[in-house]
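# Secondary and tertiary structure notes
Single-letter residue listing:
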Amino acid sequence: MLHTDLDVGSKNIKYVLAGEGAGTIFAINELTGDIHAMKRLDREEKAEYTLTAQVVNADTDEPLEPPSEFIIKVQDINDNPPQFIEGPYRASVPEMSAVGTPVTRVTATDADDPVYGNSAKLVYSILEGQPYFSVDPNSATIKIALHGMDREMREEYLVVIQAKDMGGHMGGLSGTTTVTVTLTDINDNPPKFSKSLYDFVIPEDLPIGKMGGKVKANDRDIGENAKSTYSVIEGDDQGVFEIITDTQTQEGILRLRKPLDFETKRAYTLKVEATNIRSEPSTGGPFKDTATVKVVVEDSDEPPVFSKPMYSLEVNENAPINTVIGTVTARDPDSSGSLVSLYRHSVTQEHIFTHMSRYFIDRHTDLERQFNINVDDGKITLAKSLDRETDMWHNITVTATEVIQTVSAVDKDDPIQGHYFDYRLVPEMLNNPNFTIKNNQDNSISVLAKHDTFRRQKQEMYFLPIIVTDNGNPPMSSTNTLTIRVCGCSKDGIVQSCNVEAYVLPIGLSMGALIAILACIILLLVIVVLFVTLRRHKNEPLIIKDDEDVRENIIRYDDEGGGEEDTEAFDIATLQNPDGINGYLPRKDIKPDLQFMPRAGQHSGPNGVDVDEFINVRLHEADNDPTAPPYDSIQIYGYEGRGSIAGSLSSLETASSDSDQNYDYLREWGPRFRRLGELYSVGESDRET
């Protein structure tokens, strides 16, 4: 409220307001000078306003006194919550840090007046992240709260921090932010080999600097803390091996520093060590781990080595042909230093049959063929006479080669210029890893082995196709296959087993498979024998061996037969006509193997056939007939025999009709036939009527 001290008397005055917000935010009552706020004020937008007020004549607007300036200050209330302007935060701290180690500091701001009241007084607390972290309530510094936090167990944590104004009291406003804390790695884990023992097989001809094997020590740390160096600390006094680190995979690469020699040393036992590059002061030194590496040297096929790199031989110029000038000797490194001879001695147990080493003269150094050499013992002889005045020195090159066999060809043609054969392998065998050929420049070739690690268990036979071409016009060629067999040999190179019978067995069948096949065959034979025995036992007739009891055992069957159609099993006509007993009536149902001559029947008396005698005759014939029915089959026929006073009741085989029959005699048979006679008598009277 504004009020003037001017004595205006009877003048009509009014109050006028000017300045910041006059007329929009603030208004003044022209009569009383009261100032009112026209809208809601926000201290955070504008904390104070500068205004001027003046008294003027209401009629003429003439100022009655000078303007007066005054300031309106907006008083603060707690209407703004704390805010983390820079959040969310990310921070890191080394793993295994001590409790109380600072991680990071967060800051919240409050737009309220920090001077007036507690509206801007903030207090910090942690809502999420216990028990790993804590926060200082005043400085908002986040600290480690748990001992032994291991990155390898958990690497990242999420912490929620709250800032509350009004000093943290009830009714205060609050705001939150998140802090992602990452544990950084320290070298707190040693390298650890994946295996305590490594086994490597390295061929003796492995070049120096080439890899012979790999080892790996794993480290749970990361980055530089996981890097290790490898070294051989035991078992390599001669410095044959070295081990380096692959920077990409952190593997240890075992390499050769010196060549291996199977004949000198066949196995090594090395102790290798992996050491961390970096170390932490608190650990007392770099971490290490060790492992054992066993290296087995594999024998490789090495060429023969001459006893001297150069030989100097002398011969008289008048020496005759075939004079021995000297001898060159070569040793086979694969056979413990023995001299090269016809059969190659080696410690291996299996070799190619007729495996030889031979000496040759390089004919490019002896174009005139003045010298010869014994392929088996290396003796150099004269092939032509020498003239000192023509050539004082002759330089020739001699080679010693391991040869499997020498192969030559035959051609039926007889060209004037003689034969010259060219030998070559078929194209697909040029790069085979087992054999090659060498032209001896005498129409023969030597088959050479590229290695000496042939094993019968792996492969017993090899096939080497060779193309032979002559020098005719046009040239003719043929392809022949050389069969090379691997045989078992002793340590002295003596062939022990190379028989053909071994190849009757299918290739690839092991001894266990052969035993299984043999067991199956035996089992099948046992099953067949049992089956045949059971069948034979089942087919034996059910009879008693005692001949005295055969007739006393009769088995009866209630079998009525097959009816009228069953006319083939037995000839009933004989029983119906006893007069035919003297004749021989053959069986119609089967074809008997043995033909029995009909036996003369016994004639009965004049009154007809005796039934008992008739049955006995037929029984005797049945007992001696191999085509007769089985013993347990008996046929019963209702035959009364001749001489019955009743005669036959059947109408079969009679030419008389029913009308001619007289049935009066039925009444004379007695009471049992009386009813039958009445029936027939009634039937006859009916026909007459």
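From a predicted model like this one, the values you see are computed outputs, not experimental measurements.

Spatially, the three strands line up as an open sheet ordered β22-β27-β26, and their pairing is antiparallel. The outermost strands of the open sheet, each flanked by one partner alone, are β22 (324-327) and β26 (371-373). The sheet shows a mean angle of 25° between the axes of neighbouring strands, taken without regard to direction. Relative to strand β27 (residues 379-382), β22 is paired through three bridges, and the arrangement is antiparallel.

This part is about the packing of aromatic side chains. By the definition in use, this model includes ten aromatic pairs. Geometrically, the ring pair formed by Phe26 and Tyr49 is edge-to-face, given 5.1 Å between the ring centres and 75° between the ring planes. Of this pair, Phe26 sits in strand β2 (residues 26-28) while Tyr49 sits in strand β4 (residues 48-57); the two residues are 23 residues apart in sequence, bridging distant segments of the chain. Judged on exposure class, the residue Phe26 and its partner Tyr49 are both buried.

Take the sheet that holds strand β12 (residues 174-184) next. Pairing is mixed across the open sheet formed by four strands, whose spatial order is β6-β12-β11-β8. Across the chains shown, the open sheet's two edge strands, defined by having one partner strand only, are β6 (89-94) and β8 (123-128). When the angles between neighbouring strand axes are averaged without regard to direction, this sheet yields 35°. Pairing geometry for β6 and β12, over six bridges, is parallel. Note on β12: the bridge partner recorded for Ala91 is Val181.

The next thing to look at is the pairing of strand β10 (residues 141-144). Summarising the sheet, strand β7 (residues 102-105) and β10 pair through three bridges and their orientation is antiparallel. The residue of β10 that forms the bridge with Arg105 is Thr141. Summarising the sheet, strand β9 (residues 133-135) and β10 pair through three bridges and their orientation is antiparallel. Bridging from a neighbouring strand, Ser134 pairs with Lys143 of β10. Connecting the antiparallel pair β9 and β10 is a turn made up of five residues, with Ala140 showing a positive phi of about 65°.

So, about a nonpolar patch on the surface. Taken together, the side chains of Leu518, Ile522, Val526 and Leu530 make up a nonpolar region of the molecular surface, amounting to roughly 370 Å² of accessible area. If you trace the backbone, Leu530 turns up in helix α1 (residues 511-538). Leu530 gets classed as exposed once you look at its relative accessible area, which sits at 51%.

Taken as a whole, this structure holds ten salt bridges when the rule is applied. One salt bridge in this structure joins Arg151 and Asp185, with 3.1 Å as the shortest N-O distance. Of this pair, Arg151 sits in the loop between β10 and β11 (156-164) while Asp185 sits in the loop between β12 and β13 (192-193), and the two are 34 residues apart along the sequence. Among the residues examined, Arg151 registers a relative accessible area of 9% and is labelled buried. A salt bridge links Lys214 to Glu251; the shortest N-O distance between them is 3.7 Å. In this pair, Lys214 sits in strand β15 (residues 211-218) while Glu251 sits in strand β18 (residues 251-256), placing the two residues 37 residues apart along the sequence.

Per-residue confidence for the protein gives a mean pLDDT of 78, with 73% of residues at or over 70. Residue range residues 336-355 is modelled with pLDDT below 50. Its contacts to residues more than four positions away, or to other chains, number 76 contacts. Within the model, pLDDT remains below 50 along residues 544-548, and this stretch shows two contacts once partners closer than five positions in the same chain are excluded.

Note that Leu676 resides in helix α4 (residues 674-688). Residue classification places Leu676 among the partly exposed positions, given a relative accessible area of 32%.

The next subject is a negative patch on the surface. Together, Glu317, Glu368, Asp387, Glu389 and Asp391 line one region of the surface with negative charge. Within the element layout of this structure, Asp387 appears in the loop between β27 and β28 (398-403). Given a relative accessible area of 37%, Asp387 falls into the partly exposed group.

Reading guide: rules and limits
- Residues numbered from 1 in each chain as written.
- Predicted model: local features only at pLDDT ≥ 70, side-chain atom pairs only at ≥ 80, totals over all residues.
- Heavy atoms only, no water.
- Pairing = 2+ DSSP bridges.
- Helix = DSSP H or I, 4+ residues; strand = E, 2+ residues; numbered from the N terminus.
- Axes fitted to C-alpha atoms, helices over the stretch in contact; angles between N-to-C directions.
- Phe/Tyr/Trp six-rings, centres within 6.5 Å; stacked < 30°, edge-to-face > 60°.
- Buried < 20%, exposed > 50% of the residue type's maximum accessible area, 1.4 Å probe, protein only.
- Patch = residues over 30% accessible without salt bridge, like charges linked within 9 Å, V, L, I, M, F, W, Y side chains within 5 Å.
- Areas by Shrake-Rupley, 256 points an atom, 1.4 Å probe, with all protein chains shown as cover.
- Salt bridge = Lys/Arg side-chain N within 4 Å of Asp/Glu carboxyl O.
- pLDDT = per-residue confidence, 0-100.
- Contact = heavy atoms within 4.5 Å.
- Lys, Arg positive; Asp, Glu negative; His and termini not counted.
- Charge placed at Lys NZ, Arg CZ, Asp CG, Glu CD.

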